[in-house]
Amino acid sequence: MTPLTLTADATGKARARRVAWVPTLVLILGALYCVVPIAWVVIAATKDRSELFSTFSFAPGTGFFGNLSDLTSYRDGIYWQWMANSAFYAGLGAILSAAVSAAGGYALGRFAFRGREFIFKMILAGVLVPSIVLAVPQYLLLSKMGMADSYWSMLLPSILSPYGVYLVRIYAAASVPAELMEAARMDGASEWRIFSRIAVPMMMPGLITVFLFQFVAIWNNFLLPYVMLADDTKFPLTLGLYTLLAQGASQPALYTLVITGCLLAIVPLIALFLVIQRFWSLDLLSGSIKS
């Protein structure tokens, strides 16, 4: 190899290294954009009322346990009632949504029937509709049924997730082989048994994903409870913390409670992710046949 070729190769490698820094820098900036607000909440939750506005933003304080005590004692511990409400709405709503998505997605992905493509296209259209458009019609409908300001007003709109049905439909078509279903039918298995004993275990990674997405969406939902609920004992965390923040304009001491409450609201989501991530599988057909 001539010196000229060596120089060209070195120049090309140097240019490639410079280009590789561009996506790395973008990823670092994106990570900072996501992590810095969380870091601020963690540090601000350690500051008492006097430290919150008088010290450097990222300087730790000494009032975390005092803030936690104040938050727990505020209105006889209503914060923990909001936490329990959020867990109830998100947990039960995500389970029901995953079950409905499993049935709907499996039927659309593994059965051929008249109108299937039309139904699927309608579901795709539902994915594109923002939830803010549906909030008022849902309130009017549930109000006519006498369900406004009730737990049902939070659960019923959360059961059907168009994106969940879409995701399970794609996952079922890829992960449940037609050969396995035909073999089960030849052995005398009913369609319900095929679905519950064969299809659901094979679709479990996709159902876990639907559950997680729906849990996070319901946990962070603000608009629906804001429209549906009037009794603050039924509020989820998002709406409860908003009421504290609104009162903070006249009572600045409540800011420390809001920040501490925000920090505690993140913990269940992190714990949930750490617990269920082991149920995900990289192989769509793991433990079954491959066609």
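All figures in this text were calculated on a predicted structure; none of them were measured in a lab. (Residues numbered from 1 in each chain as written. Predicted model: local features only at pLDDT ≥ 70, side-chain atom pairs only at ≥ 80, totals over all residues. Heavy atoms only, no water.)

J.: Just checking my understanding: could you explain the overall build of the protein chain for this structure?
T.: When helices and strands are counted, the protein chain shows 13 helices and zero strands. Along the chain direction, N to C, the helices and strands of the protein chain fall in the order α-α-α-α-α-α-α-α-α-α-α-α-α. Split into buried and exposed, the 291 residues of the protein chain put 35% on the buried side. Considering only residue pairs separated by 6 or more positions, the protein chain has 72% of its internal contacts joining residues 24 or more positions apart. Approximately 17000 Å² of the protein chain is accessible, and the part contributed by carbon and sulfur atoms is 70%. (Helix = DSSP H or I, 4+ residues; strand = E, 2+ residues; numbered from the N terminus. Buried < 20%, exposed > 50% of the residue type's maximum accessible area, 1.4 Å probe, protein only. Contact = heavy atoms within 4.5 Å. Areas by Shrake-Rupley, 256 points an atom, 1.4 Å probe, with all protein chains shown as cover.)

J.: In this structure, what is going on with the pattern of salt bridges? I would like to understand it.
T.: Here the idea is simple: oppositely charged side chains can pair when their charged atoms come close. With the rule as written, the count across this model stands at seven salt bridges. For Asp232, the salt bridge is made with Arg75, and the minimal N-O distance between the two is 2.7 Å. With Asp232 in the loop between helix H11 (223–228) and helix H12 (237–247) and Arg75 in the loop between helix H3 (64–73) and helix H4 (78–110), the pair connects residues that are 157 residues apart, well separated along the chain. Salt-bridge contacts for Arg169 lead to Glu117; the nearest nitrogen and oxygen are separated by 3.5 Å. (Salt bridge = Lys/Arg side-chain N within 4 Å of Asp/Glu carboxyl O.)

J.: Would you explain the environment of Ser143 in this entry?
T.: The residue Ser143 is located in helix H6 (residues 131–144) in this model. Here Ser143 falls in the partly exposed class, since its relative accessible area comes to 36%. In this structure, the C-alpha to C-alpha distance between Ser143 and Ser153, residues 10 residues apart in sequence, is 8.7 Å.

J.: Would you take a moment to explain the environment of Ile276 for this structure?
T.: Position of Ile276 relative to the elements: it lies in helix H13 (residues 254–276). Here Ile276 falls in the buried class, since its relative accessible area comes to 7%.

J.: Hey, could you run me through the side chain of Ser153 in this one?
T.: Looking at where Ser153 falls in the secondary structure, it is placed in helix H7 (residues 151–159). From its side chain, Ser153 meets the backbone oxygen of Ser150 in a polar contact 2.5 Å long. Here Ser153 is in contact with Leu142, Met147, Ala148, Leu224, Met228 and Leu229, once residues within four sequence places are set aside. (Polar contact = N/O pair within 3.5 Å; in protein donor to acceptor, adjacent residues only side chain to side chain.)

J.: What's the story with a nonpolar patch on the surface in this structure? I'm lost.
T.: A cluster of nonpolar side chains, namely Leu25, Ile28, Leu29, Leu32, Val36, Trp40, Phe56 and Phe58, defines an oily patch on the protein surface of about 760 Å² accessible area. With respect to the helices, strands and loops of the structure, Leu29 is situated in helix H1 (residues 3–44). (Patch = residues over 30% accessible without salt bridge, like charges linked within 9 Å, V, L, I, M, F, W, Y side chains within 5 Å.)

J.: When you look at the nonpolar core in this model, what are you seeing that I'm missing?
T.: Note that soluble globular proteins tend to have their nonpolar side chains buried in a common cluster. In terms of nonpolar packing, the biggest core is built from 34 residues, with Tyr79, Trp82, Phe215, Trp219 and Leu237 touching the most fellow members. Mapped by element, the contributors of at least two residues to this core are H4, helix H10 (191–219), H11, H12 and H13. In this structure, Tyr106, Ala172, Ala184 and Val200 belong to the second largest nonpolar core, which totals 16 residues. (Core = buried A, V, L, I, M, F, W, Y, C linked by side-chain atoms within 4.5 Å.)

J.: Please explain the side chain of Ser158 as it appears in this structure.
T.: Its place among the elements puts Ser158 in helix H7. The class of Ser158 is buried, set by a relative accessible area of 6%. Residues within four places of Ser158 in sequence aside, it is in contact with Gly93, Ser97, Gln214, Ile218 and Leu224.

J.: Got a minute to help me understand the environment of Ala173 in this structure?
T.: In this structure, Ala173 sits in helix H8 (residues 162–175). Judged by relative accessible area, which is 39%, Ala173 ranks as partly exposed. Sequence separation between Ala173 and Tyr106 is 67 residues, and the spatial gap between their C-alpha atoms is 7.7 Å. Contacts of Ala173, omitting those with residues within four sequence positions, involve Gly109 and Arg110.

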